[in-house]
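So the chains spell out like this:
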Amino acid sequence: MNEKRRKFLKTSALLSVAASSNLTTFAFGDEIKTGLVKDGEVLTAAYWGMMKATLKDGKIVGSKAFQTLSELENPLRDYTGELVYNKARVKYPMVRKSYLANPDSPKPELRGRDEWVRVRYEDAIKLVARELKKTRKQKGLSSVYAKSPAWKSSGNVHSSTTLLHRFMNLTGGFVGGLGDYSTGAGQVIMTHVTGSIEVYEQQTSWNSVLANSKVVVIWGSDPVTTLRVGYTSADEMALKYLEDLKKSNIEIIIIDPVKSETGKYFDKAKWLAPRPNTDTAMMLGMAYHLYQTGNYSKEFLENYTVGFEKFLPYLLGETDGTPKTPKWASEICTIDEETIKQLALKIYQNRTMIMGGWAMQRAHHGEQPYWMLVTLAAMLGQIGQPGGGFGFSYHYAGGGVPTALGGVIGGMNPADIGVIKDDKFIGYAKDVADEKLKKELDELSHAAIPVARVADMLLNPGKTIDHNGTRIKYPDIDFIYWAGGNAINHQQNINKNVKAWQKPRTIVVNEMYWTPTAKMADIVFPVTTPYERNDITMVGDYSNQYISPIKQLVEKQFEAKDDYQIFSDLCKAYADGLVEIYTEGGKSDLDFVKKCYDLAAKAVNGNPNLGISMPEFNEWWSKNEAIKFEATPESEEWVRFGEFVEDPILNPLGTPSGLIEIYSETIAAMNYDDCKGHAMWIEPSEWLGMKDKPASIHLVSPHPSNRLHSQLNQTSLRDKFSVAGREPIVINTKNAKALGIKNGDLVRVYNARGEVLAGAIVTDEIRQDVARLAEGAWYDPDANGLCKNGCPNVLTNDIPSSKLTNANIAHTALVNIEKFKGVAPKLSAFNEPKFSK
């Protein structure tokens, strides 16, 4: 959170306490001993918000929302018990049969097909520690990869990815990753354009939007779906603001090839459905019309931006002979010329907030629509004005919900690089004078790669790629440790990814369930769900509205252990003295929960100007209550870029010029052929307007409305939305008629990269020649590679967005669709793998 944003958080807020539940807790001085509730309600929290879990005879029998502020439903909260008592749970420590027989020659080509052997937990710990040491000794520090970019589980202490990195750093270091799959292109390009990643920044307050905006453009996002979750825990307020928006007199325009849940909810909104991947062209056509008619802000461009004069020759066609007229744009995006002109004038003549989504940047040349959207917004001259400008996070984790003033919970830290000598922890690398080690750590620090290039890295060790003005050489990875994510599922072009995962000698996974990733590992540790351990979280990524306990609801199932316990035991097996460092002298997980709380309470209680206080930890934990903080008047009126527009000299942006960079000298100097010095239309590798199309239908794979990525796919929630027993694919009525497909049919979706089965939903609520297959369905291949469960990443493209960002391009994919013939194969995605007898 940047310092400028915190300037407005100066006045006091009121502390209120939420309704409590009856968890039995006994406090003894500084020690806390908890007793699990056998019958009653307990407050807990997850990505989908705070919940009250109902227990009977020591089992979870139900869960419901802690509070309901909006008419918009959130079905994700009803499946807590199913997540604990799931048939897909990993019950015991398991090792792949061929790996256990010979770790030095483990037949990695059998991953995903080999049998599994149950082993003692202690033996699995020793095996991992030994093989990790062996890998580092034989292949060097840069042979170990442990990024784990994922949603893991809610909770600040049991953050599996941080706990993994803490272990890996203390034992010598690892190859990490750059960026993420969600916003890989956006966060890089925006750093050059506005000096901030934007995609995870607080937005202009919803109160300001509702009070001042005349038009809201929702461009390429589905907030009704995606605001059901938050990366800490959803605060519910964002959905309430959507409800308020619907009831307001603000004109709403939705630009999306699909009439999403948001499009259906805002039933009176104007829906424009351009061809996928053509948003940049549409924006250029709008900008051209504004410039030619004189309807743009010369003052804003002169005072708050640089480079418009270098962008203008391209816009007018002076550099390439192609003026970016509305007619030119219409031929590309297929939105008619007059509509492009009218939309341009409407957003200039009325205070407009453009709420851009992440989907448009998950595409080939995904940097361009973001850059062009900011350029267009700059021409409107409304950036930094109440209710005007743009935002790229209104659909994520409650962006725009006013920030409360109070305590903020911290968490575990990933630790510094440690040095192990003769099986003993001797200190930190920064304090050890060893030239050989220094050189190896320097190489390691330059080995981090963009996360979407993982498969490419595994298959091409030694290959050098361009990235954001630097050169990155792929390391030779021989050991992967993954904790808190479904790596097989979330990588594009899964068939290529599977081949890549057959290369390293060792793959270790901590998992709750037999996901596709767990099935592709060599060693699997069973991990507790968030409901089998104690933790703490903020509620509201941007609002910081609550501090909520996450109480252990039930006993740990089978032989599941917390990630914290697993990595502590690995430290003990890896080197003498290491576990004391990892656990800070033997702290339990609840000790760390208390530490996080106490630090927040100290900051709050030590500031008398706040006029509020937080109770002592034992009292708070015993009561099982969430602490609520209130937003300040300043935060309710806060405007993104407001300080910058008020005084760009005193409040410069983080760009080289301190201004919005419509033209970036930095990017231009990189001399990339696929990302020049300003926003421009660059034809994608696959799109509906290309010649010699490899397939006929453009596939989009957005966030699902009834899951969090691949989470919850193994619950009965799936029964409520599956079609023909498979993941639903939305197909346009005219396309379906031409293909002989009816509503409810099982269909085969395919291209050169792979094939999947899906259940057809035939509708007019999607533009012609486009199909929608939500991401997250667990990959479930048959013997021939056909995914029986409809995972779209079997079909998506894994080439990089550009040399600048190397981001994923999931939304740039053409497919063919046909009615499936023959006997439908049975699903096995949620079954346990083969176990050795």
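Residues numbered from 1 in each chain as written. Predicted model: local features only at pLDDT ≥ 70, side-chain atom pairs only at ≥ 80, totals over all residues. Heavy atoms only, no water.

- According to its UniProt record, the protein has this under Sequence similarities (unreviewed entry): "Belongs to the prokaryotic molybdopterin-containing oxidoreductase family."
- Listed under Cofactor (unreviewed entry) in UniProt, the entry text for the protein is "Mo-bis(molybdopterin guanine dinucleotide)". (UniProt positions renumbered as here; feature names shortened; annotations may be inferred.)

**Side note on the packing of aromatic side chains**
Phase 1: In the structure shown here, the tally under the stated rule is 41 aromatic pairs.
Phase 2: With centroids separated by 6.2 Å and ring planes inclined at 50°, the aromatic side chains of Tyr291 and Phe308 adopt a geometry described as tilted. Here the residue Tyr291 occupies a position in helix α11 (residues 279–292), and Phe308 occupies one in helix α13 (residues 308–315), the gap between them amounting to 17 residues.
Phase 3: Here Tyr291 falls in the partly exposed class, since its relative accessible area comes to 22%.
Phase 4: Of the residues examined, Phe308 reaches a relative accessible area of 10% and is grouped as buried.
Phase 5: Taken together, the aromatic side chains of Tyr47, Trp151, Tyr200, Tyr231, Trp358, Tyr396 and Tyr542 make up a single cluster linked through ring pairs.
Phase 6: In this structure, Arg118 is placed above the aromatic ring of Tyr92, and the distance from its NZ or CZ to the ring centre is 3.5 Å. (Phe/Tyr/Trp six-rings, centres within 6.5 Å; stacked < 30°, edge-to-face > 60°. Helix = DSSP H or I, 4+ residues; strand = E, 2+ residues; numbered from the N terminus. Buried < 20%, exposed > 50% of the residue type's maximum accessible area, 1.4 Å probe, protein only. Lys NZ or Arg CZ within 6 Å of the ring centre and 35° of its normal.)

**With respect to helix α17 (residues 435–445)**
Phase 1: Of the positions making up α17, those classed as buried are Leu437, Leu441 and Leu444. Down the axis of α17, the buried set is contained in an arc of 55°. They therefore lie on one face. Facing away from the buried side of α17 by over 90 degrees, the exposed positions are Glu435, Lys436, Lys438 and Lys439.
Phase 2: Each element contacted by the buried residues of α17 is listed here: β17 (418–421).
Phase 3: Near the N-terminus of α17, the side chain that reaches the backbone nitrogen of Lys436, with its oxygen 3.0 Å away, is that of Asp434. (Arc of directions from axis to C-beta. Contact = heavy atoms within 4.5 Å. Polar contact = N/O pair within 3.5 Å; in protein donor to acceptor, adjacent residues only side chain to side chain.)

**Structural notes on the sheet that holds strand β23 (residues 506–511)**
Phase 1: As summarised here, the arrangement of the 6 strands in space is β8-β7-β24-β23-β22-β9, forming an open sheet in which the pairing is mixed. Each of the sheet's edge strands pairs with one partner strand only, and the pair in question is β8 (116–118) and β9 (144–145).
Phase 2: Relative to strand β24 (residues 523–526), β23 is paired through 4 bridges, and the arrangement is parallel. Directly across from Glu511, in β24, lies its bridge partner Pro526.
Phase 3: Its contacts with the sheet put helix α4 (residues 121–139) on β7 (94–96), β9, β22 (479–483), β23 and β24, and the angle it makes with β24 is roughly 135°.
Phase 4: Of the strands in this sheet, β22, β23 and β24 touch helix α22 (residues 563–574), which is tilted by about 150° from β22. (Pairing = 2+ DSSP bridges. Axes fitted to C-alpha atoms, helices over the stretch in contact; angles between N-to-C directions.)

**Brief notes about the nonpolar core**
Phase 1: Trp48, Met168, Tyr481, Phe525 and Ile547 are the most contacted members of the largest nonpolar core, which has 172 residues in total.
Phase 2: Of all the elements, helix α16 (residues 367–380) adds the most residues to this core, at 10 residues.
Phase 3: Those residues in contact with Phe525, other than ones at most four positions away along the chain, are Tyr121, Ala124, Ile125, Val128, Tyr481, Val508, Val509, Asn510, Glu511 and Ile566.
Phase 4: If you look at the next biggest cluster of nonpolar residues, it comprises 59 residues, including Val419, Ala447, Leu458 and Trp514. (Core = buried A, V, L, I, M, F, W, Y, C linked by side-chain atoms within 4.5 Å.)

**Thoughts on unusual backbone geometry**
Phase 1: Phi is positive for Lys152, which is not a glycine, with a value near 40°.
Phase 2: For Lys152, the position within the fold is in the loop between β9 and α5 (160–170).
Phase 3: Among the residues examined, Lys152 registers a relative accessible area of 12% and is labelled buried.
Phase 4: Located in the positive-phi region is Ala415, a residue other than glycine, with phi close to 70°.

**A word on the pairing of strand β31 (residues 746–751)**
Phase 1: One ladder, built from 6 bridges, connects β31 with strand β32 (residues 754–763); its direction is antiparallel. From the neighbouring strand, Tyr750 faces β32, where its bridge partner is Glu755.
Phase 2: Between the antiparallel neighbours β31 and β32 lie 2 residues.
Phase 3: The pairing of β31 with strand β34 (residues 814–819) spans 4 bridges and is antiparallel. Note that in β34 the partner of Arg748 across the bridge is Glu818.

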